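Structural features, examined
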Amino acid sequence: MILILLLTLILSAQAYAQDDNKNQSGSEHQESHEQESGKHGGGHGHKGGMMHGGEHDHEEGENGDGHGHGGGHGHEGDKHGDGHGHKGGMMHGGEHDHEDDENGDSHGHGGGHGHEGGMHGGGHGMDNVKQYFEPLPASIIDEEKNAALIKLGKMLYMDPRLSVNDKISCNSCHGLNNYGVDNEPTSPGHEGKRGGRNSPTTMNAALHIAQFWDGRASDVEAQALGPILNPVEMGMPTKGAVVQKIQAIDEYQVLFAEAFSESKHPFNYNNIGKAIGAFERTLLTPSRFDDFLNGDEDALNKSEKKGLKKFMRMGCANCHNGVAIGGNSYKKIGLVEPYETEDMGRYEVTGLESDKKVFKVPSLRNITKTAPYFHDGSVETLDEAIQLMAKHQLGRDHVGHGMVRDIKAFLGSLTGKDTQ
Ligand code: HEC
Ligand code: HEC
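Since this is a predicted model, take the numbers as computed values, not measurements.

Describing the overall build of the chain
- Across its full length, the chain holds 18 helices and 4 strands.
- Taking all 420 residues of the chain together, 42% fall into the buried category.

If you want it as structure tokens, here you go:
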């Protein structure tokens, strides 16, 4: 409590300090600041709340004159230092993104430059990054203890005998040697039938808040039980039929007994899900971006770092954040600019009007490898996906070529190293 009081005091003192600064600097500068407080005042306190920081973050070459702005710095530093930015929180930045190739008409806003050094020199830029992203953990399942379960799960994942005519396995649509996808807009399942949605990758999926584009399965264990019985996927008629079929295979007699050694009756439908889920929990793909988050500043090249900054500043990281760079929230497609789609997404799960066209924000790990994009696989290229996102989620109609190129470069750093 005392801490909160103190913090409030400090923050308001700094706000005064900043005000003073504001008054000293040029009018254009002042204008931008007023715009700032109008938009973001009061946003600091709440959970999942707003954070600002991008707005002072000028590209090199634009900070000619340096107005001092000293009070502002302490402020920034404190704010970012003690974790006021929240994971999953909002950030703005798009409108202040003074890129040469984007806003030729730069808004003045020339102050506050010692700041640049503070945030980005000497590795401090990492603080900003770490408020949005987390590196992959080394593991999310005890692989030693669960070795038998994982081994069984992998075999089931790869086994087309889980399908009615022995042709389709999980791996058909979620290829382990292909970043967990099939690169089809929608996937041919049993008898070549296709559902209406694109196959998302199974890589890192266990980290998501829930499974499927609409989050209708709670975890990978529950999810795995769906496709086996789905008539357009693996087409098995009943749970009983699946268990019977698997039980009749000698190899599985041994593997199930080992995996469920404490159980007298290891063969049941749920255990198939448990095993596949356990295997899927091993599908983590550490990338160069994880190295970067873990402190190796050289893990990203210059254009990737530039892309990372833009990704944060433009607002992409408002939604695509956390350990999976997505996968941790639901958002409407067409949040700012309506997006045409028949698929009602999460509305079909919750029946809530507000969930129409709401989808789980996809993880962007391995994204350069998992085309085509969006829930219906209708977007062929990553360039197009980035442009559509900027337009429909952020209201930015004209993103320059440079912006797309840099963001794409950053996204490339999210590809698993082992799988490259
Ligand atoms: C015929 C192709 C096909 C097969 C076979 C298939 N899937 Fe999928 N998978 C999909 C599609 C399409 C979706 C998305 C469906 C949706 O969201 O409504 C999906 C979604 C998933 C997801 C959710 C990922 C995320 O990001 O939400 C996981 C995990 C998954 N499948 C694992 C499996 C497993 C395990 C098997 C085998 C038991 C399997 N799939 C079999 C096509 C397939
Ligand atoms: C308001 C939240 C939000 C913001 C902001 C946002 N996205 Fe998305 N993003 C989503 C949602 C939701 C989807 C799924 C849309 C769909 O499939 O219909 C998505 C899908 C994507 C995809 C396709 C993923 C796939 O597997 O098909 C890419 C790539 C992407 N976003 C990149 C970006 C970039 C780059 C930005 C910034 C320019 C951005 N997003 C901003 C919510 C957001």
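Details of the confidence of the model for the chain
- Taken residue by residue, the chain gives an average pLDDT of 78. The fraction at 70 or more is 69%.
- Long-range and interchain partners of residues 1–124, a stretch whose pLDDT sits below 50, account for 150 contacts in this model, where long-range means more than four residues apart.

Here we look at the site of ligand 2
- For ligand 2, the set of nearby residues contains 26 residues, the closest of which are Cys316, Cys319, Tyr373, Met389 and Gln393.
- Mapped onto the shell around ligand 2, the elements with two or more residues apiece are α15 (316–319) and α17 (382–394).
- Take the shell around ligand 2: its biggest share by element is 7 residues, from α17.
- Classifying every residue of the shell around ligand 2 gives 19 nonpolar, 6 polar and 1 charged.

As for the nonpolar core
- Leu152, Leu156, Ala275, Ile276, Phe311, Ala385 and Leu411 are the most contacted members of the largest nonpolar core, which has 69 residues in total.
- The leading source of residues in this core is α17, at 6 residues.
- Counting residues domain by domain, this core receives three or more from each of domain 2 (147–280) and domain 3 (288–412).
- Those residues within four positions of leucine 156 in sequence are excluded, and the remaining contacts are Leu162, Ile272, Ala275 and Ile276.

Regarding the site of ligand 1
- Around ligand 1 sit 26 residues, and of these Cys170, Cys173, Gly189, Phe212 and Pro227 come closest.
- Listed by contribution, the elements that provide at least two residues to the shell around ligand 1 are α7 (170–173), α8 (220–223) and α9 (225–229).
- Top element by residues in the shell around ligand 1 is α7. It accounts for 3 residues.
- Class assignment of the residues belonging to the shell around ligand 1 gives a composition of 14 nonpolar, 10 polar and 2 charged.

Details of helix α18 (residues 401–412)
- Over its 12 residues, α18 runs 16 Å from end to end, which matches the ideal 16 Å to within 8%, given 1.5 Å per residue.
- Along α18, the residues that are buried comprise Met403, Asp406, Ile407, Ala409, Phe410, Leu411 and Gly412.
- Summarising the contacts, the buried residues of α18 are in contact with α14 (302–314) and α17.

So, unusual backbone geometry
- Cis geometry marks the peptide bond from alanine 371 to proline 372, where omega comes out at -5°.
- As for its placement among the helices and strands, proline 372 is situated in the loop between β4 (358–360) and α17.
- Of note, tyrosine 179 is a non-glycine position whose phi angle comes to about 55°, a positive value.
- As for its position among the elements, tyrosine 179 is in the loop between α7 and α8.

Concerning the environment of serine 163
- In this structure, serine 163 sits in the loop between α6 (147–158) and α7.
- As for serine 163 and proline 231, which are separated by 68 residues in sequence, their C-alpha atoms are 9.8 Å apart.
- Residues contacting serine 163, with those up to four places away along its chain left out, are Ile168, Ser169, His190, Met234, Gly235 and Met236.

Here we look at the environment of leucine 284
- Within the secondary structure, leucine 284 sits in the loop between α12 (269–280) and α13 (288–293).
- Looking at leucine 284, the number of C-beta atoms within 10 Å reads 23, which means it is buried.
- The sequence separation of leucine 284 and glycine 416 amounts to 132 residues, and the corresponding C-alpha distance is 8.2 Å.
- Here leucine 284 is in contact with Leu136, Ile140 and Asn204, once residues within four sequence places are set aside.

So, the packing of α14 against α18
- α18 packs onto α14 with a crossing angle of 105° between their chain directions and a minimal axis gap of 7 Å. One way to sum up the angle between α14 and α18 is to call them roughly perpendicular. Of α18, the residues touching α14 (which contributes Ser303, Glu304, Lys306, Gly307, Leu308, Lys310 and Phe311) are Met403, Asp406, Ile407, Lys408, Ala409, Phe410 and Gly412.
- Taken together, the residues of the contact of α14 with α18 break down into 6 nonpolar, 3 polar and 5 charged.

Definitions and cut-offs
Residues numbered from 1 in each chain as written. Chains lettered and ligands numbered in written order. Predicted model: local features only at pLDDT ≥ 70, side-chain atom pairs only at ≥ 80, totals over all residues. Helix = DSSP H or I, 4+ residues; strand = E, 2+ residues; numbered from the N terminus. Buried ≥ 20, exposed ≤ 12 C-beta atoms within 10 Å, placed from the backbone. pLDDT = per-residue confidence, 0-100. Contact = placed C-beta atoms within 7 Å. Near = placed C-beta within 6 Å. Nonpolar A, V, L, I, M, F, W, Y, C, P; charged D, E, K, R; others polar. Core = buried A, V, L, I, M, F, W, Y, C linked by C-beta atoms within 7 Å. Domains from an automatic or database assignment. Expected span 1.5 Å × (residues − 1). Axes fitted to C-alpha atoms, helices over the stretch in contact; angles between N-to-C directions. Parallel < 35°, antiparallel > 145°, perpendicular 65-115°, else oblique.

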